[in-house]
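# Secondary and tertiary structure notes
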Protein chains: 2
Amino acid sequence: MTDTLKVTKISKSKIDQVDFSNLAFGTVFTDHMFVCEYKNGAWQTPEILPYGPLQMDPSAKVFHYGQAVFEGMKAYKDDNGDVFMFRPEENFNRINKSSERLAMPAFDKAYFFDGLNTLLNLDKDWIKPGESNSLYIRPFVIATENGVSASPATEYKFIIICAPAQAYYSGEVRVLFADHYSRSADGGVGFAKAAGNYAAQFYPTELAKEKGYNQVVWTDANTHEYLEEAGTMNVFFRVNDTLLTAPTNDRILDGITRKSLIELAKSQGINVEVRPVRVSEIVEAAENGSLKEMFGAGTAAVISPISGFTHKDKQFDLPKPEDAYSTKLKKQLTELQANRAEDPFGWRYEVPVLEV
Amino acid sequence: MTDTLKVTKISKSKIDQVDFSNLAFGTVFTDHMFVCEYKNGAWQTPEILPYGPLQMDPSAKVFHYGQAVFEGMKAYKDDNGDVFMFRPEENFNRINKSSERLAMPAFDKAYFFDGLNTLLNLDKDWIKPGESNSLYIRPFVIATENGVSASPATEYKFIIICAPAQAYYSGEVRVLFADHYSRSADGGVGFAKAAGNYAAQFYPTELAKEKGYNQVVWTDANTHEYLEEAGTMNVFFRVNDTLLTAPTNDRILDGITRKSLIELAKSQGINVEVRPVRVSEIVEAAENGSLKEMFGAGTAAVISPISGFTHKDKQFDLPKPEDAYSTKLKKQLTELQANRAEDPFGWRYEVPVLEV
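Attention in this report is confined to the structure presented alongside it. (Residues numbered from 1 in each chain as written. Chains lettered and ligands numbered in written order. Predicted model: local features only at pLDDT ≥ 70, side-chain atom pairs only at ≥ 80, totals over all residues. Heavy atoms only, no water.)

Counting its regular elements, chain A contains seven helices and 21 strands. Computed over C-alpha atoms, the radius of gyration of chain A comes to 21 Å, within 12% of the 21 Å expected from 2.2 N^0.38 for 356 residues, which places it in the range of a compact globule. With the C-alpha coordinates aligned to their principal axes, the bounding extent of chain A is approximately 60 × 55 × 35 Å. For chain A, buried positions account for 59% of its 356 residues. On chain A, roughly 14,000 Å² of surface is accessible, and the fraction owed to carbon and sulfur atoms is 45%. Charge centroids of chain A, computed over 38 positive and 48 negative side chains, lie 1 Å from each other. (Helix = DSSP H or I, 4+ residues; strand = E, 2+ residues; numbered from the N terminus. Rg over C-alpha atoms; globule rule 2.2 N^0.38 Å. Buried < 20%, exposed > 50% of the residue type's maximum accessible area, 1.4 Å probe, protein only. Areas by Shrake-Rupley, 256 points an atom, 1.4 Å probe, with all protein chains shown as cover. Lys, Arg positive; Asp, Glu negative; His and termini not counted. Charge placed at Lys NZ, Arg CZ, Asp CG, Glu CD.)

As a further point, take the interface of chain B and chain A. Contact with chain B, which involves 57 residues of that partner, is made by 57 residues of chain A. Across the chain B to chain A interface the summed buried area is about 4,800 Å²; carbon plus sulfur atoms make up 65%. Considering only the side of chain B, the residues that lose the most area to chain A are Pro58, Phe63 and Phe202 of chain B, jointly responsible for 14% of the buried surface there. Here chain B and chain A share zero salt bridges between them. Viewed at the interface, chain A and chain B are joined by 18 residue pairs in polar contact (both at pLDDT 80 or more). (Contact = heavy atoms within 4.5 Å. Buried area = accessible area lost by both parts, 1.4 Å probe. Salt bridge = Lys/Arg side-chain N within 4 Å of Asp/Glu carboxyl O. Polar contact = N/O pair within 3.5 Å; in protein donor to acceptor, adjacent residues only side chain to side chain.)

Attention now moves to the relation of the copies chain B and chain A. With an axial shift of 0.0 Å and an RMSD of 0.0 Å, the rotation relating chain B to chain A amounts to 180 degrees. Both copies are brought into coincidence by an operation consistent with a two-fold rotation axis. Interface overlap between copies is the fraction of interface residues in one copy that are interface residues in the other; for chain B against chain A it reaches 100%, indicating a shared surface. (Least-squares fit on C-alpha atoms with pLDDT ≥ 70 in both.)

Here we take up the side chain of Thr144 of chain B. All names here are of chain B. Looking at the secondary structure, you find Thr144 in the loop between β9 (133–143) and β10 (156–166). Within the structure, Thr144 has its side chain in polar contact with the backbone nitrogen of Tyr156 (distance 3.4 Å). Apart from residues lying up to four places away in sequence, Thr144 is in contact with Met56, Ala60, Glu155, Tyr156 and Lys157.

Notably, Asn40 of chain A is not glycine yet its phi reads approximately 50 degrees, a positive angle. Examined against the element boundaries, Asn40 of chain A turns out to sit in the loop between β2 (32–39) and β3 (42–43). Backbone geometry places His224 of chain B, a non-glycine residue, at a positive phi of 55 degrees. Secondary-structure assignment places His224 of chain B in the loop between β12 (215–217) and β13 (226–227).

Applying the stated criterion to the full structure yields 55 aromatic pairs over all chains. Here Phe113 of chain B and Tyr349 of chain B contribute two aromatic rings whose centre-to-centre distance is 5.7 Å and whose plane-to-plane angle is 55 degrees, an arrangement assigned as tilted. Remark: Tyr349 of chain B occurs in strand β21 (residues 348–350) and Phe113 of chain B occurs in helix α3 (residues 109–122); sequence separation between them is 236 residues. Since its relative accessible area comes to 22%, Tyr349 of chain B is described here as partly exposed. Within the aromatic cluster, the residues linked to one another by ring pairs are Phe34, Tyr38, Trp43, Phe92, Phe107, Tyr111, Phe112, Phe113, Tyr156, Phe158 and Tyr349 of chain A. (Phe/Tyr/Trp six-rings, centres within 6.5 Å; stacked < 30°, edge-to-face > 60°.)

Under the defined criterion, the tally for this structure stands at 38 salt bridges over all chains. When the shortest N-O distance is used, the salt bridge between Glu145 of chain B and Lys61 of chain B registers 3.9 Å. Placement of the pair is Glu145 of chain B in the loop between β9 and β10 and Lys61 of chain B in helix α1 (residues 61–65), with a sequence separation of 84 residues. The buried category is assigned to Glu145 of chain B, whose relative accessible area is 18%. Residues joined by salt bridges that share partners form a network here, namely Arg87, Glu90, Asp254 and Lys259 of chain A.

Helix length check: helix α4 (residues 195–210) of chain B, at 16 residues, gives a terminal C-alpha distance of 24 Å against a target of 22 Å (1.5 Å per residue), a fit within 8%. At Phe202 of chain B, α4 of chain B shows its maximal kink, close to 35 degrees; a proline, Pro204 of chain B, follows between one and four residues later. Of all 16 residues that make up α4 of chain B, 12 are buried, and the element is covered over most of its length. Residues Ala195, Gly196, Asn197, Tyr198, Ala199, Ala200, Gln201, Phe202, Tyr203, Pro204, Thr205 and Ala208 of chain B constitute the buried set of α4 of chain B. If you follow the buried residues of α4 of chain B, they end up packed against α1 (61–65), α2 (88–101) and α4 (195–210) of chain A together with β6 (68–70), β11 (173–177) and β12 of chain B. Within two residues after α4 of chain B, Gly212 of chain B carries a phi angle of roughly 100 degrees, on the positive side. (Expected span 1.5 Å × (residues − 1). Bend = angle between axes of the 7 residues up to and from the residue.)

Put into structure tokens, the structure is as follows:
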């Protein structure tokens, strides 16, 4: 911990009130939060505070102009009580890329890691060991300057909050390929974890849910001929023994689970093609039986197998292969993440034990 | 005022602390605000409260998923002390269209107008008569439900805040035609006054500002061949004696000033063409001298004349015609708005005098 981090501890933990065997995702938060204010052109002394409400002026720019970005990360505890994260530097770099695109200031790396490590040490009892447990970590940045004029704010808050999580079982996931609504434009902010990207997806996703689908797989806004991502997950397709996924661009999030899976799959000798994926080739592969699997990849669920998809009212069911890549890769990745397997890639980050 | 509006008045007005001759736009707010909460599937009893901060949980969905929409309106006081608004029903309808696209609940019309009228009566001393004065009114809706899971919130706040404003002099406005960045996608949320649309424009607009431009005129994301809008204004082009403006679609805001100007210009016998406007035809018209004017239209500035534009490093200066449509239409519209001229269109709305 640097001497530039100010810590105010809670007087009494609320952990006893929490039923860890029955947690709704992202609704129960730990005792502390990390907050760092930006003003006068600089990040001020970061603080760890008891988790609690923010006082916001009704004219705060985040409410009006949507300057808000976030990240999603997880921490795991092994049976020795050691705490691990997965490639946190990638999240740090990405939140700054998101911020840059929204005209928000880059955060300080030492503040980020000192704050995160101290927070995880203070709230370490909230991280439970065991396969089905993790701590979901949500760093985010919001524009706090007051005033309803449409220009970048000069004041922000960088905040980290943490929510204990159980294994995310997404159930049977059926998806709809978008052929009318779009998630992002060329030259837009689709690659950023910008708050507005999510609100924009809710309505078309609700329409899809009414028809019995869990998610929309977005296609390019120009032609709807290329498959992009699912909004909260990148998407992989297995055609025969080849894994396909779209390349990242300014419309598609550069997912950390996505790129880790590409590397992991390649290391197993799986043929991976990162290239534009046509809707028509996936439909054709489903029709001729060469489409073996489809799955989403993201921090929350790691891998979500997709059981079927619909494109322009044509429904397709996917087989459930016994040797599914999704099952194998998910097991390998989660074991690596939680220190139950070797880490030949150097992806695991051990949270240092600190006096707090 | 209906009996369903709960009013809590301030004990002492802060109006004496305000220098009305020196107001930065959107930074000073009146004594009261209107707040209505949505929960359990319904809008609760609306309230007028002293203007003050909101208590927000750090996990409130607006901070993470950008469910936030807004409107901009103005109130004017004539020399008799009567207060007028301009087509407020259009703003009411539009905020609900914006909300629908972001999977947010529609607001109640009686709550809106009762709240607005009561608020304007309570804070009527903040509306100054005279040509250069108005009250800027900002209705907005934010997702207040706690929890970091990416789905539409079940709790919201509909809020109205008001800021006294002086005539908005935008100065010499030079614009850049977008040829790389984009504002919105087909099938996206560009037509909505969604908070995220504004954050997405800030970075490219800052880049343009560094090069000496005040605003970006957005083009279609697919080809950058068609002129769309300027993000906070719709855009009009006068070629010889014809006014051109792009049709609204799901990428372009259906501006109330825009549609009023179209009707007003037509009523004066001006030829108005609402059709896709090619970048190439405007460049050509600038080159051959037939481009007489270009201006932005929006609530804040009503009309902002544009003095020049740049497309792909080619700069064009616009003439300053003595009989400019922009000057004439702005004068007519502002006089109609402030009850200094007849209103053949029925656009003006007189705020009823209420016992408050």
